[in-house]
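Notes for the structure review
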Amino acid sequence: QQLHPLEWIVIVAVLIAAFFRLWNFTNTLEFLGDQGRDAIIVADIFKKGDPVLIGPVTSTGNMYLGPLYYYFMAPFLWLTYPNPIGPAYAVAILSIVTTAFIYVLGKDLVGKKAAAIATVLAATSSVFTNFSRFSWNPNPAPLFGLLFLWFLAKTQRGQPKYWIGVTVCIAVLAQLH
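Structure report, in brief.

What counts as what
- Residues numbered from 1 in each chain as written.
- Predicted model: local features only at pLDDT ≥ 70, side-chain atom pairs only at ≥ 80, totals over all residues.
- Heavy atoms only, no water.
- Helix = DSSP H or I, 4+ residues; strand = E, 2+ residues; numbered from the N terminus.
- Buried < 20%, exposed > 50% of the residue type's maximum accessible area, 1.4 Å probe, protein only.
- Contact = heavy atoms within 4.5 Å.
- Areas by Shrake-Rupley, 256 points an atom, 1.4 Å probe, with all protein chains shown as cover.
- Lys, Arg positive; Asp, Glu negative; His and termini not counted.
- Charge placed at Lys NZ, Arg CZ, Asp CG, Glu CD.
- Expected span 1.5 Å × (residues − 1).
- Arc of directions from axis to C-beta.
- Axes fitted to C-alpha atoms, helices over the stretch in contact; angles between N-to-C directions.
- Parallel < 35°, antiparallel > 145°, perpendicular 65-115°, else oblique.
- Left-handed = near helix turned anticlockwise from the far one by under 90°.

**Overview of the overall build of the protein**
Counting its secondary structure elements, the protein contains nine helices and zero strands. The linear arrangement of helices and strands in the protein, starting from the amino end, is α-α-α-α-α-α-α-α-α. Dimensions along the principal axes, computed over C-alpha positions, put the protein at roughly 50 × 40 × 30 Å. In the protein, which comprises 177 residues, the proportion classed as buried is 41%. Expressed as a percentage of contacts within the protein between residues at least 6 apart in sequence, the contacts between residues at least 24 apart total 67%. For the protein, the exposed area adds up to about 9900 Å²; of that, 69% sits on carbon and sulfur atoms. Each charge class in the protein was averaged separately, 11 positive and 7 negative side chains, and the resulting centres sit 12 Å apart.

Encoded structure:
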């Protein structure tokens, strides 16, 4: 089966997204105090067997997020430990997957042409690229926000089993910044 020209554009866009997100990664990685704090906490999960029940404190005082992002980080930090770059790679890969999902899910929501345009814009967006090049709690939110909208649209089309997906996405998004 021959690929539609729009699908070729999407494939090229995802490859461009991968290049922008991974090129010269270790030399341009942003690593600040929050990332260091999170890496120390996550390292204690697998080094000391110290499970975490609350997540990072928010920037608005004594509010804490859920621990989901720490557990997302754990296998990637374990792979690169003691170098804390693993979670940043995970965020970059998640951003590439999100770029592909924009087309896959978008064609169901808005059609192939609009989904392809959105994919190209996401692949080449400097903001989307910059936020995908460091480990930060809100960075997985675009993927789960997109999945949330897609699952919600499915429920509105009379497919109630997708309420499970809506619920999972709300639970995940509530734990991100």
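**Notes on helix 9 (residues 163–175)**
With 13 residues, helix 9 should reach 18 Å at 1.5 Å per residue; the first-to-last C-alpha distance of 19 Å fits that figure. All of the buried residues along helix 9 are G165, V166, C169 and V172. All buried residues of helix 9 project into a common sector of 130 degrees when viewed along the axis, lining one side. In this structure, helix 9 carries I164, T167 and A174 as exposed residues pointing more than 90 degrees from its buried face. On its buried face, helix 9 sits against helix 4 (68–80) and helix 8 (141–156).

**A word on the packing of helix 5 (residues 86–109) against helix 6 (residues 112–124)**
Close contact between helix 5 and helix 6 brings their axes to 8 Å; oriented N to C, the two are set at 165 degrees. By the angle class used here, helix 5 and helix 6 are roughly antiparallel. You can see that helix 5 and helix 6 cross each other, and the crossing is right-handed. Packed against helix 5, whose contacting residues are T99, I102, Y103, G106 and K107, the element helix 6 presents K112, A115, A116, A118, T119, A122 and A123 at the interface.

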